[in-house]
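# Breakdown of the fold
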2 protein chains.
Amino acid sequence: MNWRGEISRFSCYELRLLLSLKKANKTPDWGRLAHLVQALLFDVFGTVVDWRTSLIAQFERFGKTHNLRPGSTDGGNLGWPGLVDDWRAAYQPSMDAVRSGARPWTTLEQLHRESLDNLLPKYGLGDMSGAHREELVRGWHFLDPWPDSVAGLTRLKRKFIIGTLSNGGLRLLTDMAKYAGLPWDTILCSDLFRHYKPDPKVYLGAAELLDTAPENVMLVAAHNYDLAAARKHGYKTAFVARPTEYGPRQQKDFKAESDWDYGAKDFGELAEMLGA
Amino acid sequence: MNWRGEISRFSCYELRLLLSLKKANKTPDWGRLAHLVQALLFDVFGTVVDWRTSLIAQFERFGKTHNLRPGSTDGGNLGWPGLVDDWRAAYQPSMDAVRSGARPWTTLEQLHRESLDNLLPKYGLGDMSGAHREELVRGWHFLDPWPDSVAGLTRLKRKFIIGTLSNGGLRLLTDMAKYAGLPWDTILCSDLFRHYKPDPKVYLGAAELLDTAPENVMLVAAHNYDLAAARKHGYKTAFVARPTEYGPRQQKDFKAESDWDYGAKDFGELAEMLGA
């Protein structure tokens with residue numbers, strides 16, 4: 001294929017990459033280059049923010065302020081860490097009823113509240129007021145980023161459109177971005193599509209809103225199941241391990257379980273790999 | 001009404017405002033305060049960016065590069081300014097067919113292309129290539145802000161969620177934000193709702209995604225028709241005049257045509273009024 005004929009189709013970033021291949025006397029892989037990435041979309045809970053450490057710290061402050069202390073009634077996990085872990089364990093099952101169509105579209109805000117309501121009696125907190133329950137649910141809006149997240153995103157934003165692709169809602173993700181200083185260009189999420197990942201409508205709907213082919217979008221995630229679904233629908237994929245996301249309960253996603261297009265230890269290394 | 005009883009319902013920003021009223025020995029207007037604004041949504045074309053000046057400059061460069069010069073075949077407007085003005089004049093009519101339901105959802109990208117295709121023969125450019133037409137259509141993604149826009153938005157962002165509420169598409173608005181440095185927290189637009197303003201679904205859908213009542217959202221716009229629709233659906237309203245938006249063809253929107261909640265000469269004055 002002809003270099004000059006092809007070259008007019010590429011962006012500055014792509015041209016730099018092509019020139020570096022030319023210098024190294026390598027033949028550009030046109031098929032791959034023709035689908036270079038325009039947008040990086042990020043899973044958020046666990047990939048960008050450390051929900052577990054953030055919530056435990058928040059809820060311990062909340063408990064001190066309101067003189068509330070969770071104790072387990074079944075001899076299992078105790079304290080706020082146990083409640084946080086149990087709450088997160090209810091996350092995927094709570095979305096499954098929506099994914100399967102067994103119940104109509106329900107926001108994550110509502111699912112979070114229902115899961116909390118179900119858990120509180122187990123921790124001896126069944127008489128917590130509605131206002132306090134709302135305060136705990138809103139805690140999910142204000143989570144701290146991993147130490148590399150903001151600096152890495154800031155670098156990546158110079159080269160690519162960066163956005164969320166999260167099962168969180170638009171308000172939650174907007175509040176979180178303001179709180180944590182996440183410099184998103186755009187917020188794409190479950191409630192735009194009224195479906196939860198890994199439903200195809202989320203990945204395909206996001207590419208459609210970005211007015212590009214799925215091949216030009218890359219998902220960055222710490223979860224292999226999410227990357228598998230993204231790849232199935234044409235996305236490029238990047239895995240960033242977050243081995244402490246689930247604390248002592250973590251049982252998977254310590255490493256890439258497939259040949260994802262990129263694998264990086266953090267967002268800084270990913271920016272390096274992508275020339276950002 | 002009781003200060004202590006009411007006070008727990010308010011945010012930090014609202015409390016500061018209440019305390020300043022108390023200091024000044026003024027009675028807070030509870031009805032108004034109870035609906036204080038959480039998010040400011042902005043019309044974009046004309047309100048935030050100067051599409052006319054931007055496009056004329058872009059297209060004049062495009063014409064020089066490609067040796068293309070529009071001449072009128074009907075003795076009317078000549079040159080790139082005439083083409084830009086005619087193109088914009090086709091904007092509202094092109095959306096009307098979608099608004100009325102006469103045609104199914106069609107993106108602004110597609111409508112822009114169709115309107116351009118219709119206009120080019122009049123300017124003696126009927127044989128322009130598809131690639132050049134696409135280049136002109138994409139010109140709408142890269143518009144310069146009014147001189148006060150970026151500084152004003154940056155101030156307002158410290159106090160409020162700031163977002164778009166535009167008939168542009170998500171990709172167009174994302175490209176524009178990156179190009180013009182518009183610090184949006186979130187991008188809300190026609191293709192999320194598959195309806196164009198002033199369809200109620202746009203205003204109500206945006207409030208729903210922000211997980212709040214329309215009363216807690218304020219539309220900022222340079223167009224009275226947009227503010228009228230926003231108010232009808234419960235929004236607060238702010239008018240900012242942009243009297244040169246349409247150049248010599250401007251015939252309306254020189255001033256507020258109703259008692260909008262706020263009126264400001266630019267975004268800086270609006271930030272001042274809102275204590276941002």
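Computed from a prediction, not measured in an experiment: that's the story for all the values here. (Residues numbered from 1 in each chain as written. Chains lettered and ligands numbered in written order. Predicted model: local features only at pLDDT ≥ 70, side-chain atom pairs only at ≥ 80, totals over all residues. Heavy atoms only, no water.)

## Details of the relation of the copies chain B and chain A
Between chain B and chain A, which share one sequence, the superposing operator has a rotation angle of 180° and an axial displacement of 0.0 Å; the RMSD is 0.0 Å. Taken together, the rotation and translation relating the two chain copies correspond to the operation of a two-fold axis. Taking the C-alpha atom as reference, chain B places threonine 186 of chain B closest to the rotation axis, 3.0 Å from it. Most of the interface of chain B is mirrored in chain A, where 100% of its interface residues again form contacts. (Least-squares fit on C-alpha atoms with pLDDT ≥ 70 in both. Contact = heavy atoms within 4.5 Å.)

## A short note on the environment of arginine 52 of chain B
All names here are of chain B. Mapped onto the elements of the fold, arginine 52 is located in helix H4 (residues 51-66). Since its relative accessible area comes to 13%, arginine 52 is described here as buried. A C-alpha to C-alpha distance of 22 Å links arginine 52 and glycine 126, two positions 74 residues apart in sequence. Ignoring any residue separated from it by four or fewer positions in sequence, one finds arginine 52 in contact with Pro81, Val84, Asp85, Glu245, Tyr246, Gly247 and Pro248. (Helix = DSSP H or I, 4+ residues; strand = E, 2+ residues; numbered from the N terminus. Buried < 20%, exposed > 50% of the residue type's maximum accessible area, 1.4 Å probe, protein only.)

## Side note on the interface of chain B and chain A
The interface of chain B with chain A comprises 24 residues on the first partner and 24 residues on the second. When the two sides are added together, the surface that chain B and chain A hide from each other amounts to roughly 1,900 Å², 54% of it contributed by carbon and sulfur. In terms of surface lost to chain A, no three residues of chain B exceed Arg171, Lys178 and Leu209 of chain B, which account for 33% of the buried area on that side. Scanning the region where chain B abuts chain A turns up four salt bridges. When the shortest N-O distance is used, the salt bridge between glutamate 208 of chain A and arginine 194 of chain B registers 3.7 Å. Joining chain B to chain A, the criterion identifies twelve residue pairs in polar contact (both at pLDDT 80 or more). (Buried area = accessible area lost by both parts, 1.4 Å probe. Salt bridge = Lys/Arg side-chain N within 4 Å of Asp/Glu carboxyl O. Polar contact = N/O pair within 3.5 Å; in protein donor to acceptor, adjacent residues only side chain to side chain.)

## Examining the pairing of strand S3 (residues 186-189) of chain A
Residues and elements named next belong to chain A. On S3, burial covers both faces: Thr186 and Leu188 on one face and Ile187 and Cys189 on the other are all buried. Of the pairings in the sheet, the one linking strand S2 (residues 161-166) to S3 comprises four bridges and is parallel in character. When the bridges of S3 are listed, leucine 165 appears paired with leucine 188. Between the parallel elements S2 and S3, the chain passes through helix H10 (residues 170-180) in a crossover that is right-handed. (Pairing = 2+ DSSP bridges. Right-handed = clockwise from strand over helix to strand, strands pointing away.)

## Observations concerning the domain arrangement of chain A
Residue and element names in this part refer to chain A. Domain annotation for chain A reports domain 1 (39-49 + 144-273) and domain 2 (51-141). Taken over C-alpha atoms, the centre of domain 1 sits 24 Å from the centre of domain 2. With both sides pooled, the region where domain 1 packs onto domain 2 buries about 1,900 Å², and carbon together with sulfur makes up 54% of that total. For domain 1, the biggest contributors to the area lost against domain 2 are Phe45, Tyr196 and Arg249; these three give 37% of the whole. Counting across the interface, domain 1 meets domain 2 through two salt bridges. Taking the shortest distance from any N to any O, the salt bridge between arginine 249 and aspartate 86 comes out at 2.9 Å. The interface formed by domain 1 and domain 2 contains nine residue pairs in polar contact (both at pLDDT 80 or more). Every element with two or more residues in the side of domain 1 that touches domain 2 is listed here: H10 and helix H11 (190-193). The element that contributes the greatest number of residues to the side of domain 1 that touches domain 2 is H10, accounting for four residues. Residue classes in the side of domain 1 that touches domain 2 are distributed as nine nonpolar, six polar and eight charged. (Domains from an automatic or database assignment. Nonpolar A, V, L, I, M, F, W, Y, C, P; charged D, E, K, R; others polar.)

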